[in-house]
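One-letter residues, chain by chain:
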Amino acid sequence: MKRKFLLLLVLLAAIQPLKADEGMWLPALISQRIADMQAKGFKLTAEDVYSINQASLKDAIVLFGGGCTGEIVSNEGLLLTNHHCGYSYIQRHSSVEHDYLKDGFWAMSRKEELPNRGLTVSFLERMEDVTDAVLKGYKPSMTEEERADLVRRNSEEIRKKAVEGGKGLRADVEALYYGNQYFLFVYKIYRDVRLVGAPPSSIGKFGGETDNWMWPRHTGDFSIFRIYAGKDNEPADYSEDNVPYRPKKFFTISRAGVKEGDFTFVYGCPGSTKEYVTSDEVQYVGEVSDPQKIALRTLRLDIQKKYMSQSQAVRIQYSSKYASVANAWKKWQGESKGIAKMKTVAAKKDYEKRFRAWAKGTRYDGLLDKLEALYARRNPYYLAYEYYTETARTIELLTFANAVRTNLRNPDAKADAAATFFKDYYQPIDEEIFVAVLDAFNKNMTDDFKPAYFKEKLAAYGSLEAWRDDLFARSVFTDREKVLALTEADADRVAKDPATELYDAFYRWYYDTLRPVINETNQQINLAYRDYMQGQMEFEKDKVFYPDANLTLRVAYGHVEGYSPSDATYFYPVSTLKGIIEKDNPDIFDYNIPQTLRDIYAEGGHDDQPVCFLATNHTSGGNSGSPVINADGNLIGINFDRVWEGTMSDIVFDPDVCRNISIDIRYLLFNIDKIGHASYLFDEMRFAD
Ligand code: ARG
Ligand code: GLU
């Protein structure tokens, strides 16, 4: 009996998860984590991960555009990221004759690679603690304004010095831990980045909104680009004479595959987290903001979906708009549910009670009361602001009216705005959303949190329906020809258009009434957090605090692992092509795979073709496209999502359910070969096995 029990214990220990994998760490300080990483299986050194003296993994990673990550996989600047990160560029190259979004795109030679105006990739040259230099000249007697001024001046000087003599350099000084520490980040920015390949959307977006933020997942969410440089390998504007960029470092690809328990390391640029906030902030997010915004977005999504299901043309017009509304909508559902399940508000309240007791007589005494008072003042204004952005600002006609007005003097820009707007505009959707969101605004905001214009007009019309009918009938902005005919001479008419008027009324109300209070309180809140952060570090001397995400390069390490989303359910961590075939259904848009994929599958032998996998890495928005690296430092996947039950990890990490989702690198290779017939690309890649 006892032996059996012991055996069970040993077995349990063996299959127990390797322990919480919370944290997104600064690469420059990775020496503080490397022992833990190595204990969990990593075989490389701190210098291999980040070094300013020799080529290291960080030199193979870029910030892709303004909010994704990408990684270099060849000596000739070949770059991988997500399909959803390359989406807008693929879309811009698409036309009725060449629908690259629908059919995919594969350059068959360097000459066929497509340039992308405005797309840049940023390599991190170095990062450095500059706290002392930023605070040089600081005296405790200074007011906050004086301190802020000093920080601004010193940072400016540090930035200027950092980019001196370099080509294409940009330097940022970022506050970490709410300004307890400052880091300099120096980037080299390349601006000739060309599209090399993308799968058809039925692979790259397989599962669409249905599967977004979910497991089991089978999305081939990748696209391929190439960085070009001048002959000197330095950044250059697009030119036919440019040559493929020669990286300091590129990733070796492992085809050995992943299994539960394998070490994984995501190296990329998470955008924003708030792990150290008070219970008030968590309560606001989880119990007020998220639920209310979800409800407001549900109204819009239901209306869009209704019309999209009635017409193929409308579905095409609105699929991208729908996707962007639905993405955060679904994330917030997981976040607020996760916060509730973790009882984070209660846990933080308890923590704050202990902090308060500890803080008695220290400089942190009274700090939490101050934060509480600041939130009490800010939150009604902030909620009104969020209502504004999720209601009045979502009426397409109003934002279009404003865009036209701003461009009245600039006929080309105006024509551009009009072309983009009308191409994807379906007025019945906008009209219905007008009534739905303004009704929600009217019902849920108290009278003192409504623009006077809104109240007056609504009273005068008697109903939102009557207001809508009149506004859409009278506004010039519903008519393409009339919009194109507008000139500077029509400025007055444009300003008095009912759409512009409504846009302005809301904007002015936001600007004059909400913004000042929000800005002032947020500033105070941030200041208080600077102290609270320091207080928490003193209060919990043994805890290691990683800085909140801010789109700078971070290391998150963990391991491949499934999870149990609910009672009696367990999700295995690896999905395969078999699962795609199980979901395949020509009648369901999100699950309608290309016929070629069906044919390939029918050949047989592809049942076990891996597609995606789950791991415990702590990631966030911005980590899309990040390299997923194995114990040997080789590339095994590309990160693209999290499971929705774990999206509260931006606020609180639950090792039981927080999982990131990656595309298995072998599915990308499969697509290049079998779907794109572009296996020539393998010649420039390096494989470990
Ligand atoms: N949820 C992923 C990320 O935030 C993917 C988003 C794009 N895909 C989609 N189906 N909307 O941002
Ligand atoms: N899809 C997200 C992105 O675009 C990553 C998912 C997440 O939030 O973890 O960055």
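Values in this document were obtained by computation on a predicted structure and should not be read as measured data. Going along each chain's sequence as written, the residues are numbered from 1 onward. All chains are assigned letters beginning with A, and all ligands numbers beginning with 1, in the order in which they are written. With pLDDT at 70 or above as the cut-off, local features in this predicted model cover only qualifying residues; side-chain atom pairs require 80 or more to be listed or tallied, and sums for whole chains, interfaces and linings still use all residues. Hydrogens and water are ignored here; the side-chain numbers use all heavy atoms of the structure.

Caption draft 1: Structural detail: the site of ligand 2. All residues in the neighbourhood of ligand 2 are listed as His84, Trp213, Ser620, Gly621, Gly622, Asn623, Ser624, Phe640, Asp641 and Arg642. Within the backbone of Gly621, one N or O atom sits 3.0 Å away from an oxygen atom of ligand 2. In this structure, Arg642 approaches ligand 2 through a side-chain N or O atom, which is 2.6 Å from an oxygen atom. In this description, accessible areas are obtained by the Shrake-Rupley approach with a 1.4 Å probe, and a residue is regarded as covered only by the protein chains that are shown. Taking 290 Å² as the accessible area of ligand 2 by itself, protein coverage stands at 88%. Numbering goes from the N terminus for both helices and strands, where a helix is a DSSP run of H or I of at least four residues and a strand is a run of E of at least two. Sorting elements by how many residues they give to the shell around ligand 2 places strand 17 (residues 635-642) first, with three residues. For this scheme, ten residues count as nonpolar: Ala, Val, Leu, Ile, Met, Phe, Trp, Tyr, Cys and Pro. Four count as charged, namely Asp, Glu, Lys and Arg, and the remainder, Gly too, count as polar. Here the residues of the shell around ligand 2 sort into two nonpolar, six polar and two charged. Distances are taken per atom, and a residue is near a molecule or strand as soon as one of its heavy atoms is within 4 Å of it. Within 3.5 Å is the distance limit for a polar contact, defined as a pair of N or O atoms, with the added protein rule that one can donate a hydrogen and the other accept it, and that residues adjacent in sequence qualify only through two side-chain atoms.

Caption draft 2: Molecular detail of the site of ligand 1. His84, Gly208, Glu209, Asn212, Trp213, Ala323, Asn327, Phe640 and Asp641 make up every residue found near ligand 1. For ligand 1, a nitrogen atom lies 2.9 Å from a polar atom in the side chain of Asn327. Protein contacts shield 83% of the accessible area of ligand 1, which totals 340 Å² for the unbound molecule. Of all the secondary structure elements, the ones that give two or more residues to the shell around ligand 1 are helix 9 (208-211), helix 11 (312-341) and strand 17. When its residues are assigned to classes, the shell around ligand 1 shows three nonpolar, four polar and two charged.

Caption draft 3: Main features of the pairing of strand 9 (residues 192-198). Type-normalised accessible area, obtained with a 1.4 Å probe on protein chains alone, sets the label of each residue: buried when under 20%, exposed when over 50%, and partly exposed for intermediate values. Counting buried positions over the seven residues of strand 9 gives seven, a clear majority of the element. Any two strands with at least two DSSP bridges between them are considered paired. One ladder, built from two bridges, connects strand 4 (residues 105-106) with strand 9; its direction is antiparallel. Bridging across to strand 9, Phe105 finds its partner in Ala198. Relative to strand 9, strand 5 (residues 114-115) runs antiparallel, the two being bridged by two bridges. Looking at the pairing, Pro115 lines up with Arg194 of strand 9. Relative to strand 10 (residues 223-229), strand 9 runs antiparallel, the two being bridged by five bridges. From the neighbouring strand, Arg194 faces strand 10, where its bridge partner is Arg226.

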